[in-house]
Each structure stands twice: as structure tokens, then as C-alpha cells.
Amino acid sequence: MAADMFENAEIPRGALPSVEEVSWQPVARSYLAELLAGHVVGLGIALLVAFGGTGLGIIAGPGSLPKGIALYAVVHLLVVAVWSPLSLKHRGYALRQHDLLYRIGVLRRRLIAIPFNRIQHVETTSGVTERLFGLATLVVYTAGGSGGDLKIRGLETDRAHRLRDHILQRAGQADESG
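The structure reproduced in this document is the subject of the present report.

Concerning the side chain of Thr142
Turning to step 1, where the next piece is worked out: Assignment of secondary structure puts Thr142 in strand 5 (residues 135-142).
Turning to step 2, where the next piece is worked out: By relative accessible area, Thr142 is classed as buried at 16%.
Turning to step 3, where the next piece is worked out: The contact partners of Thr142, leaving out residues within four places of it in the chain, are Ile114, Arg118, Ile119, Gln120 and Asp149.

A look at the layout of surface pockets
Turning to step 1, where the next piece is worked out: Roughly 220 Å³ of internal volume is contained in the largest pocket.
Turning to step 2, where the next piece is worked out: Every residue lining the largest pocket is counted, 15 residues in all, and those nearest its centre are Tyr102, Ile104, Arg110, Lys151 and Arg153.
Turning to step 3, where the next piece is worked out: Tallied by class, residues from the lining of the largest pocket come to seven nonpolar, two polar and six charged.

Here we look at the environment of Thr142
Turning to step 1, where the next piece is worked out: Between the C-alpha atoms of Thr142 and Arg118, which are 24 residues apart in sequence, the distance is 5.3 Å.
Turning to step 2, where the next piece is worked out: Side chain to side chain, Thr142 and Asp149 meet in a polar contact 2.5 Å long.

Details of the environment of Arg29
Turning to step 1, where the next piece is worked out: With respect to the helices, strands and loops of the structure, Arg29 is situated in the segment before helix 1 (30-55).
Turning to step 2, where the next piece is worked out: Between the C-alpha atom of Arg29 and that of Leu88, which follows or precedes it by 59 residues, the distance is 8.6 Å.

Side note on the nonpolar core
Turning to step 1, where the next piece is worked out: Counting residues in each nonpolar core, the largest one holds 18 residues, and the members touching the most others are Ile119, Leu138, Val140, Leu150 and Ile167.
Turning to step 2, where the next piece is worked out: Elements that contribute at least two residues to this core include exactly strand 2 (99-104), strand 3 (110-115), strand 4 (119-125), strand 5, strand 6 (150-156) and helix 4 (157-177).
Turning to step 3, where the next piece is worked out: At four residues, helix 4 tops the list of elements feeding residues into this core.
Turning to step 4, where the next piece is worked out: Val27, Tyr31, Leu88 and Leu135 belong to the second largest nonpolar core, which has five residues in total.

Definitions and cut-offs
Residues numbered from 1 in each chain as written. Predicted model: local features only at pLDDT ≥ 70, side-chain atom pairs only at ≥ 80, totals over all residues. Heavy atoms only, no water. Helix = DSSP H or I, 4+ residues; strand = E, 2+ residues; numbered from the N terminus. Buried < 20%, exposed > 50% of the residue type's maximum accessible area, 1.4 Å probe, protein only. Contact = heavy atoms within 4.5 Å. 1 Å grid on protein atoms, 1.4 Å probe; cavity = no way out; pocket = protein on both sides within 12 Å on 5 of 7 lines; lining within 4 Å. Points joined across faces, edges and corners; volume = space filled by probe spheres on them. Nonpolar A, V, L, I, M, F, W, Y, C, P; charged D, E, K, R; others polar. Polar contact = N/O pair within 3.5 Å; in protein donor to acceptor, adjacent residues only side chain to side chain. Core = buried A, V, L, I, M, F, W, Y, C linked by side-chain atoms within 4.5 Å.

Interpretation note: all reported values are geometric properties and have no functional meaning in isolation.
This is how it looks when you write it as C-alpha cells:
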């Protein structure tokens, strides 16, 4: 019976692949424009509400915009203009032999690795603003997950579809071999 026992040999640390050696693929440049447009539209709606409130005399005197709202708008746009490009520099994905890697985050960096043999389903989605900029989101579902376990936003639509097909093919090969 001892001969039938499962053995899990230790892998030497030097034999593990380094994440730094990975060839990271960036998201589309037009994703920055989509992010900025979304913030400008959101801020525009907030200002319309504020102007509506000031025009009716609800927030301040009739026809005046409180300085706090104007200051908020300027600071918000400045932060978005600096933060969005910075966040895009820290986003990327990579396909390796046995898994898909995704990195994201400026202050709190995350690295997600999903083995192909755990992938159950892959889909692409695109909302209204994504379609306006020719973008899509790749959503990866894994075994045991209750929702999309990984979402890669900001991919060009064609690239997202090709990536989806490639991952599904690799996931099928992983199922057949393992």
C-alpha cells in the first residue's frame, strides 16, 4: 500500500519561472480616452445637478455656483488626468505555457495567475462607451468561481476576441492532457 501513496516532490526555488521575465501585453491606448471620457461625463452630470440646484436657489443663491463645487471639479479632473495614465502603465496581461497572468494596480498591486486547466468559460463584453472607443472586456470564469474571476478591461475588440479564442483552445488542450 505504501507504493500507491501520492508523492508531491518539492520544486527548487530556482526552477520556478520569474514573473519579471514575462512579456507583458498592455491594454489599448484608447482605453485612456474611454476612462477620461467616463470621468468627464460623470463630472458633467454632477455639475448639471449642482447648477440645477444653484439655479433654483436650493444650494446657494440663485445663479451662483458654490466655490466648493468648482474646486472639487478642478481637483477631480487633475487627479483623473494624472492617475489614469499612471494606472494604465501598471496594467497588462501575459500568456504563458500553462496560465494567463494579469497585473493591475498602482498603490496596491495585484498579480493574478489563472491556470488554463481551471478555466471553464471565457467571454467578451462591451458596453456603450467601450463600443464607441472600439474596446471590449475579456471575462474569464474558473472552476468553482461564482462570477467572472478575471476581467481584463480596455482591450481592442479584435484582440479581445482573438485572446478569448486562444484561451479557450489552450483550456481545452489542458483538459485533454490532464
